[in-house]
Amino acid sequence: MFSHIHPSWNSFINNEKNQPYFIDLINKLANKYQQTQVFPKKEEIFRVFESDLSEIKVVILGQDPYPTYGYANGLCFSVNPEIYPYPKSLLHIFREIKLEYPEFEPENGDLNRWKDQGVFLLNTLLTVEKGAPLSHKNIGWEKFTHRVITYLTDQHKNIVYLLWGKNAHTIEKQLNSKDNLILKTSHPSPLGYTKSGKDFKAFKNSGQFHQCNEYLIANKGQQILW
């Protein structure tokens, strides 16, 4: 389960392993994997932590993995390469990138290529049961991911946080807007795609991918090749 974590995360992960809440979480997961169908595969639960902590440039926070067999692969919004057509949320993400970067043509829906460039694709809940979105809510994942974001913001600045939907918006209070760029939009799902609010734009036509890259070029001298 923890075999592929990048060494830069060892201190954080090893500390969490000793926390009562995390021990309880892992025990609950062990039972759930025995009793029912849970996604992603055990070895992919912590896949997002393959990323080098010092190389993270962008954080995208999702809700929980896709509850459909063969879809979830440990990275939020990402699906395994053979999955087509894409889930609606991912399709909307790709549509927006295409609007901003007309040359964009994804080979597949696996976002590992983003991870390798420093995009941290974290779900709030890292596991889910088949056909049951949010089925692993309140078993400990929320505390864990809250602590992940806190640790990340303590370690680095000049990160772009793409907060999509109300669930992701809740982490804004943990972030320093002076040291990072925070872009809030609605969720890319069909229900949220065109909606806007008092303090966030609609995901549709938000221009956030270009805005993200402008900030990265100015502050890190690099951009993400979406």
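In the block above lies the structure referred to throughout.
Now for a look at the structure at hand. All residue numbers here refer to positions counted from 1 along the written sequence of the relevant chain. For a predicted model such as this one, the threshold for reporting local features is a pLDDT of at least 70, and the threshold for listing and counting side-chain atom pairs is 80 or more; totals across whole chains, interfaces and linings nevertheless cover every residue. To obtain the side-chain values, all non-hydrogen atoms of the structure were included, while hydrogens and water were left out.

**Things to note about the pattern of salt bridges**
And step 1. The salt bridge definition used is simple: a Lys or Arg side-chain nitrogen within 4 Å of an Asp or Glu carboxyl oxygen. Enumeration over the complete set of coordinates arrives at nine salt bridges.
And step 2. A salt bridge links Glu105 to Lys98; the nearest nitrogen and oxygen atoms lie 2.5 Å apart.
And step 3. Members of the salt-bridge network, linked through shared partners, are Glu50, Lys115 and Asp116.

**Re the packing of helix H2 (residues 20-35) against helix H5 (residues 141-155)**
And step 1. To obtain an axis, a line is fitted to C-alpha atoms, over the contacting stretch when the element is a helix, and the angle between two such axes runs from 0 to 180 degrees between their N-to-C directions. Helical segments are the DSSP runs of H or I of at least four residues, strand segments are the runs of E of at least two, and each set is numbered from the N terminus. It is at 9 Å that the axes of H2 and H5 come closest, and there the two elements cross at 130 degrees. Our classification of the angle between H2 and H5 gives oblique. Between H2 and H5 the crossing geometry is left-handed. Seen from H2, the contacting residues are Tyr21, Phe22, Leu25 and Leu29; seen from H5, they are Trp141, Lys143, Phe144 and Arg147.
And step 2. A breakdown of the residues in the contact of H2 with H5 according to their chemical character gives six nonpolar, no polar and two charged. Here the angle decides the label: under 35 degrees means roughly parallel, over 145 means roughly antiparallel, 65 to 115 means roughly perpendicular, and every other value means oblique. Left-handed describes a crossing in which the near helix is turned anticlockwise from the far one by less than a right angle; the clockwise case is right-handed. In this description, contact between two residues means that some pair of their heavy atoms is separated by no more than 4.5 Å. Only Asp, Glu, Lys and Arg are considered charged, only Ala, Val, Leu, Ile, Met, Phe, Trp, Tyr, Cys and Pro nonpolar, and every remaining residue, Gly among them, polar.

**Here's the deal with the packing of helix H3 (residues 88-100) against helix H7 (residues 208-220)**
And step 1. In the contact formed by H3 and H7, the axes pass within 8 Å of each other and the chain directions differ by 65 degrees. Together, Ile93, Glu96, Ile97 and Glu100 of H3 and Gln208, Phe209 and His210 of H7 make up the contact between the two elements.
And step 2. Here the residues of the contact of H3 with H7 are counted per class, giving three nonpolar, two polar and two charged.

**Observations regarding empty space enclosed by the protein**
And step 1. Buriedness of a pocket was judged along seven lines, with at least five required to meet protein on both sides within 12 Å; pockets are open sets of points on a 1 Å grid over the protein atoms alone, cavities are sets where a 1.4 Å probe fits but cannot get out, and lining residues have an atom within 4 Å of a point. Grid points are joined across faces, edges and corners, and a volume is the space filled by probe spheres set on the points. A complete count under the given rule lists one cavity of 30 Å³ or more for this structure.
And step 2. Taken as a whole, the largest cavity holds about 50 Å³ of empty space.
And step 3. Lining the largest cavity are Ile45, Val48, Pro65, Gly74, Leu75, Leu121, Leu122, Asn123 and Leu126.
And step 4. Looking at side-chain class alone, the lining of the largest cavity contains seven nonpolar, two polar and no charged residues.

**Overview of the layout of surface pockets**
And step 1. Space inside the largest pocket adds up to approximately 580 Å³.
And step 2. Taken together, 33 residues line the largest pocket, and the ones lying closest to its centre are Gln63, Phe77, Ser89, His187 and Ser189.
And step 3. Those elements that provide at least two residues to the lining of the largest pocket are strand E2 (58-62), H3 and helix H6 (166-169).
And step 4. Residue composition of the lining of the largest pocket, by class: 15 nonpolar, 14 polar and four charged.
And step 5. Of the volumes computed, that of the second largest pocket is approximately 230 Å³.
And step 6. When residues of the lining of the second largest pocket are assigned to their parent elements, the largest contribution, four residues, is made by H5.

**Focus: unusual backbone geometry**
And step 1. Backbone torsion omega between Phe39 and Pro40 reads -5 degrees, so that peptide bond is classified as cis.
And step 2. Note on placement: Pro40 falls in the loop between strand E1 (38-39) and E2.
And step 3. Of note, the amide linkage connecting Tyr84 to Pro85 takes the cis form, showing an omega dihedral of 5 degrees.
And step 4. Take Pro85: it is sitting in the loop between E2 and H3.
And step 5. One non-glycine residue with positive phi stands out, namely Asn138, at about 65 degrees.
And step 6. Exposed residues in this analysis have more than 50% of their type's maximum accessible area, buried residues have under 20%, and partly exposed residues fall in between, with area computed by a 1.4 Å probe over protein chains only. With relative accessibility at 60%, the residue Asn138 sits in the exposed group.

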